[in-house]
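Results of the structural survey
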Number of protein chains: 2
Amino acid sequence: MGCRDFFAVCLLLVGAVHATGKLGYPAPLLGETSPGSVWPQPHTVTASPQLYTIDIQAFRFEYLQTSQRCHVADEAFKRYQLLISRSGIKAKFHDKYSTSVISVLPVMITGPCEDMPSLDMKEGYILDVGSNPLLNASSVWGVLRGLETFSQMIWEDPSGQAVANKTHIIDEPRYAHRGLLLDTARHFLPVNVILENLEAMAYNKFNVFHWHIVDAQSFPYVSTVYPNLHLKGSYSSLNLVYTPEMIAQVIEFARLRGIRVVPEFDTPGHTYSWGLGQPGLLTTCYTGGKPNGDVGPINPTVNSSYTFIKNLFTEVRGQFKDKYIHLGGDEVPFDCWKSNPNITTWMAAHNMSGDYAKLEQVYIQQVIDITGAIGFSYIVWQEVIDNGVKAKDDTVVEVWINNHPEVEMAKVTALGYRTILAAPWYLEELTVGEDWKKYYSYEPTNFNGTAQQKALVIGGEACLWGEYVDATNISPRLWPRASAVAERLWSPETVNDVDAATPRLHQHRCRMVQRGIPAEPLHPSYCVFDWMNRK
Amino acid sequence: MGCRDFFAVCLLLVGAVHATGKLGYPAPLLGETSPGSVWPQPHTVTASPQLYTIDIQAFRFEYLQTSQRCHVADEAFKRYQLLISRSGIKAKFHDKYSTSVISVLPVMITGPCEDMPSLDMKEGYILDVGSNPLLNASSVWGVLRGLETFSQMIWEDPSGQAVANKTHIIDEPRYAHRGLLLDTARHFLPVNVILENLEAMAYNKFNVFHWHIVDAQSFPYVSTVYPNLHLKGSYSSLNLVYTPEMIAQVIEFARLRGIRVVPEFDTPGHTYSWGLGQPGLLTTCYTGGKPNGDVGPINPTVNSSYTFIKNLFTEVRGQFKDKYIHLGGDEVPFDCWKSNPNITTWMAAHNMSGDYAKLEQVYIQQVIDITGAIGFSYIVWQEVIDNGVKAKDDTVVEVWINNHPEVEMAKVTALGYRTILAAPWYLEELTVGEDWKKYYSYEPTNFNGTAQQKALVIGGEACLWGEYVDATNISPRLWPRASAVAERLWSPETVNDVDAATPRLHQHRCRMVQRGIPAEPLHPSYCVFDWMNRK
């Protein structure tokens, strides 16, 4: 009854039952993998069955004499020492192995310290676990990734001792932009929930938090220049807003984990809530020659719109440290513009009567010029390029429309723009069963194009739009489904076997649960450290 | 970007945006309803705009002089006094209304006290809120439902005062069996999670917890007669089992809320985990005349199977207080039986060669005879009747197969059996968007049959099978989606307008959140008491 024989879920169930039959009790019903396996899969792993005891209580990280000493690493050492000591392993300490106990992991940073993660940051590292353990990286960002990998390699042997296999890992990400989009406009997300998911992002080696902070439904961003935006446009200016202090907290928390925070201020559409606090910003819609009470996208024909954008984005520039801002530019409806006689007149005067794509282009062109002048680089949704806007060379185009993403990828890269792919990874699209396999199996370079075009693909993003999620359900809906995207974007293209990934992802899901992230189950199974109490 | 114009979700989003336009800020984007509205909708509500102040801090319930005094009600008074005092309303107390303040709700129980909820319990009540407030019911179960209704009627007026509208309510459920199935075999559910959902069931006037306690994947039920069942068959006998004490705690918690606990021990299929602790119980499967290492359903041809069932169910009978047990009987695969030469011989000797439905019937017939002799009444899945088993008159048949439930409903009721409907309400079937509307709109009596047949429909069940849920995600997946089923089963058939229900369900969802149930959002919106911290 837990399944219907004309249902995919049923096959999974039968498969699971047979798995029990084959594996016997008490193996999880998800196949088997070696303990201490890493997610996402590192580039090169040379492991041996030889085990080293890890003294998790006394464990610490230490710089090599010749290493750079960086604040970001200092903070990471503390975090991972705590994480390792709290790994839940009973750690009866008895060195039963003929090898030395590892109680220190030496760390070597060869390059200069960096304070802010960026699109150009180096995340590669070399990790040796053995008689001469060492974590070696050219930058602090590589150290962060290596610490995460090391923390995942520790497991509890049958005698209850913390151990790790003798292993040599050479690792670096396949893509530089590995993002997760969260939407705080359809529903407000409390800061603690954002921080919880930044933590989970670090566990999965994501490196960009795409913060879709405002939209038509609400404007929780507290602007000091235009305070009416949140006072009139948020769901509640009392407790459902992001103050400058909260935003600084999110950026700092992310920075220490090597995660960039890229805010999105989507215009000219998706701006209903903006208009509540900024009269005159949005287009007045007409019916029968009279205003009908509705409003449309930002009015592109009046200078006041651009002055507003310039002032707002200048404030944003001073607050968000990343070089990039996301300008949106998607789904602009033309009906309200068409209904407005002043816009009709303006378009006639500018020789573009009836060409509303051209009008949109005029708006976006000015906004990107303003944004560039402020010192931002920018990401835009694909429509901006589809509408023929000329963007700066360092523009990143995000492909989201899901009917033929491979066609759009070919088109945008042919124009010479760097692209990130989101289309296959809209996590709000729910089906029964293991949809993570679908996310996992999508190959970003699977489009017709030259090697040069494919080199323009710099990554992708898992997106969880906010229509149906808030603090009550967002974390289990994200994890481990987003983990599938994380491995696709970090690991080599050849790491694409769903069956091999399944038990490793189950192990990773249980690891997240043990670390306090309520990651949902893959299918019938249990974790050694099960989620006993959600509250 | 939060939606795709070729997607249903997109229409919802646009709708939501327009709603903002029409309603203006800060109304939730879900339409409007009167505050203090009740879910599920009572049978008859006569409300007036006149408001009464509720002194929520000093508030208490008191028996009328002539009322029965019952322990179940005493406990409920304490729970609801606490719930009302913690309703989150600031309760600045200033009687600005020209009417008396209500600080006591008198309660009258006209019938005898009952200790155990049952299929026959009376849940009707009459509630007056006004100058002479009174909750009147013939049984303590009606009092429980009335107390829940009263607690939902209290709201915070603009001045911050707790108020309720002058109201006269005559209420009783449409159906006697309003169940929720939870599956603790595909994933273990900690007791605190079961209790949280029993609490939520009471908030939604569900009255049956259908506990699918064991299945092929695991056997968490601790039997004192056959301890190997959980020692060998559970995911972990250390922490992923239900001891007699835990089961007693669940039954008592449910009893005090007027919720029956009906355990399901599904046989002869779905029993893989049973066989791990009870060698010889399951059928040995053969390939090429030799045992192949696999096992099938319970072996129906040996007496030891029936002795085992009798002993186990006798223990269960002493533990679970409800008159009913669920015997399962679904999805029995025949291939293993067919492969077994001893079964072939036995069937030949009993003149049923090749008729495996008959063999299944022989098994089920004996099991229901044993179960009846022990003193249980029983519920069975539809296949049992489809296979021609003769069941006792008080048998309840549960219809779950979703291709043509209306055909099955007609068939089972034509045979004179009482039926409960589960088919349209399998909550693990996920789609993007507001699937609660689909659950809400399904009419249980929508099949071809006489009035007499339709009178045999005694209710239904929302089912959440456990393949993809555990403590990390079960509560937000259940609520408020199961609430749609709750209203369908409690309220009159005529209460079926999805648009009218939407804002009321949003209000109910926010009420559950305020009470500590992480009920997920319906669509873009917020709650006055939003879920700020899941942990």
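Residues numbered from 1 in each chain as written. Chains lettered and ligands numbered in written order. Predicted model: local features only at pLDDT ≥ 70, side-chain atom pairs only at ≥ 80, totals over all residues. Heavy atoms only, no water.

Examining the UniProt feature "active site" (unreviewed entry) in chain A
Residue and element names in this part refer to chain A. Those residues carrying the UniProt feature "active site" (unreviewed entry) are E331 in this numbering. Here E331 lies in the loop between β13 (324-328) and α9 (335-339). Side-chain polar atoms of E331 contact the side chain of H270, separated by 2.8 Å. (UniProt positions renumbered as here; feature names shortened; annotations may be inferred. Helix = DSSP H or I, 4+ residues; strand = E, 2+ residues; numbered from the N terminus. Polar contact = N/O pair within 3.5 Å; in protein donor to acceptor, adjacent residues only side chain to side chain.)

Some details on the sheet that holds strand β9 (residues 208-212) of chain A
Each strand in a sheet pairs with its neighbour through backbone hydrogen bonds, running either in the same direction (parallel) or in the opposite one (antiparallel). All names here are of chain A. Ordered in space as β8-β9-β10-β13-β14-β15-β16-β17, the eight strands form a closed barrel in which the pairing is parallel. Across the sheet, the axes of successive neighbouring strands diverge by a mean angle of 30°, strand direction being ignored. Here strand β16 (residues 418-421) pairs with strand β17 (residues 457-464) via three bridges, running parallel. Note that in β17 the partner of T419 across the bridge is V457. Together, β10 (260-267) and β13 form the strand contacts of helix α8 (residues 303-319), whose direction differs from that of β10 by roughly 170°. (Pairing = 2+ DSSP bridges. Axes fitted to C-alpha atoms, helices over the stretch in contact; angles between N-to-C directions. Contact = heavy atoms within 4.5 Å.)

A word on the nonpolar core
Among the nonpolar cores identified, the biggest contains 275 residues, and F265(A), W479(A), F265(B) and W479(B) are the most heavily contacted of them. Sort the elements by how many residues they give to this core and helix α4 (residues 191-203) of chain A lands first, with nine residues. Not counting residues within four places of it along the chain, the set of residues in contact with W479(A) comprises L180(A), N197(A), A200(A), M201(A), N204(A), F206(A), M512(A), I517(A), A519(A) and E520(A). (Core = buried A, V, L, I, M, F, W, Y, C linked by side-chain atoms within 4.5 Å. Buried < 20%, exposed > 50% of the residue type's maximum accessible area, 1.4 Å probe, protein only.)

Topic: the packing of aromatic side chains
Residues and elements named next belong to chain B. The final tally for this structure, using the stated rule, is 54 aromatic pairs over all chains. Look at F59 and F150: their rings are 5.3 Å apart centre to centre, the planes differ by 25°, and that puts the pair in the stacked class. Of this pair, F59 sits in the loop between β1 (44-53) and β2 (60-63) while F150 sits in helix α3 (residues 140-153), and the two are 91 residues apart along the sequence. Like F150, F59 is buried. Taking 6.1 Å as the distance between ring centres and 35° as the angle between the ring planes, the aromatic pair formed by F334 and Y356 counts as tilted. With F334 in the loop between β13 (324-328) and α9 (335-339) and Y356 in helix α11 (residues 356-374), this residue pair connects regions lying 22 residues apart in the sequence. Judged by its relative accessible area of 23%, F334 falls in the partly exposed class. (Phe/Tyr/Trp six-rings, centres within 6.5 Å; stacked < 30°, edge-to-face > 60°.)

Brief notes about the packing of helix α2 (residues 71-85) of chain A against helix α3 (residues 140-153) of chain A
Axis angle and axis distance: for two packed helices, these are the angle between their axes and the distance between the axes, and together they describe the pair. Residues and elements named next belong to chain A. Relative orientation of the contacting elements α2 and α3 amounts to 5°, with a least axis distance of 10 Å. Between α2 and α3, the interaxial angle falls into the category roughly parallel. Residues V72, A73, A76, F77, R79, Y80 and I84 of α2 pack against V140, W141, V143, L144, L147, E148, F150 and S151 of α3. For the contact of α2 with α3, the class distribution of residues is 12 nonpolar, one polar and two charged. (Parallel < 35°, antiparallel > 145°, perpendicular 65-115°, else oblique. Nonpolar A, V, L, I, M, F, W, Y, C, P; charged D, E, K, R; others polar.)

Describing the pattern of salt bridges
If you walk through the whole model with that rule in mind, you get 40 salt bridges over all chains. With its nearest N and O atoms 2.6 Å apart, the salt bridge here joins R174(A) to E443(A). One end of the pair, R174(A), is in the loop between β7 (162-171) and β8 (177-183); the other, E443(A), is in the loop between α14 (436-441) and α15 (451-455), with 269 residues separating them in the sequence. For R174(A), a relative accessible area of 24% corresponds to the partly exposed category. With relative accessibility at 15%, the residue E443(A) sits in the buried group. Put simply, E493(B) and R174(B) hold a salt bridge, and the shortest N to O gap is 3.5 Å. Here the residue E493(B) occupies a position in the loop between α17 (481-490) and α18 (498-514), and R174(B) occupies one in the loop between β7 (162-171) and β8 (177-183), the gap between them amounting to 319 residues. What makes E493(B) partly exposed here is its relative accessible area of 40%. One network of salt bridges, in which partners are shared, links D183(A), R186(A), D215(A) and E467(A). (Salt bridge = Lys/Arg side-chain N within 4 Å of Asp/Glu carboxyl O.)

Describing the UniProt feature "domain: Glycoside hydrolase family 20 catalytic" (unreviewed entry) in chain A
Here the UniProt-annotated "domain: Glycoside hydrolase family 20 catalytic" (unreviewed entry) positions come out as residues 175-492 of chain A. Split by type, residues 175-492 of chain A is 40% helix and 19% strand. Its first and last C-alpha atoms lie 9 Å apart.

Quick word on the environment of I213(B)
Residue and element names in this part refer to chain B. Residue position: I213 is located in the loop between β9 (208-212) and α5 (228-233). When its relative accessible area of 0% is taken as the criterion, I213 is described as buried. Measuring from C-alpha to C-alpha, the distance between I213 and S151 comes to 32 Å, with 62 residues separating the pair along the chain. Ignoring any residue separated from it by four or fewer positions in sequence, one finds I213 in contact with T184, A185, P220, Y221, Y242, I247, E264 and F265.

Quick look at the sheet that holds strand β15 (residues 396-399) of chain B
Strand order in the closed barrel formed by eight strands is β8-β9-β10-β13-β14-β15-β16-β17 (chain B), and the pairing between neighbours is parallel. Going across the sheet, the axis of each strand differs from the next one's by a mean of 30°, ignoring polarity.

Notes on the state of the cysteines
All names here are of chain B. Tallying each qualifying case throughout the model produces six disulfides over all chains. The partner cysteine of C70 in its disulfide is C113, sulfur to sulfur 2.0 Å. Every disulfide takes its handedness from the sign of the S-S torsion; for C70 and C113 that torsion is -85°, giving left-handed. With a gap of 43 residues between them, C70 in the loop between β2 and α2 (71-85) and C113 in the loop between β3 (104-109) and β4 (125-129) connect regions that are remote in the sequence. Residue C70 is classed as buried on the basis of its relative accessible area, which comes to 1%. Here C285 engages in a disulfide with C336; their sulfurs sit 2.1 Å apart. Around the S-S axis, the bridge from C285 to C336 shows a dihedral of about -110° and counts as left-handed. Taken together, the residues span a long stretch of sequence, with C285 in strand β11 (residues 282-287) and C336 in helix α9 at a distance of 51 residues. Taking relative accessible area as the criterion, C336 reaches 5% and is therefore assigned buried. With its bonded cysteines labelled in order along the sequence, chain A shows the pairing 1-2, 3-4, 5-6. (Disulfide = S-S within 2.5 Å.)

As for α8(A)
The end-to-end C-alpha distance of α8(A) is 25 Å, a good match for the 24 Å that 17 residues give at a rise of 1.5 Å each. Of the residues making up α8(A), those classed as buried are S305(A), Y306(A), F308(A), I309(A), L312(A), F313(A), E315(A), V316(A) and Q319(A). (Expected span 1.5 Å × (residues − 1).)

Section: helix α11 (residues 356-374) of chain A
Residue and element names in this part refer to chain A. Over its 19 residues, α11 extends 27 Å from the first C-alpha to the last, a length consistent with the 27 Å expected when each residue adds 1.5 Å. Listed in full, the buried residues belonging to α11 are Y356, L359, E360, Q361, V362, Y363, I364, V367, I368, I370, T371 and I374. Between a side-chain oxygen at the N-terminus of α11 and the backbone nitrogen of A357 the separation is 3.5 Å; the capping residue is D355. Trailing α11 by a residue or two, G375 shows a phi angle of about 110°, which is positive.

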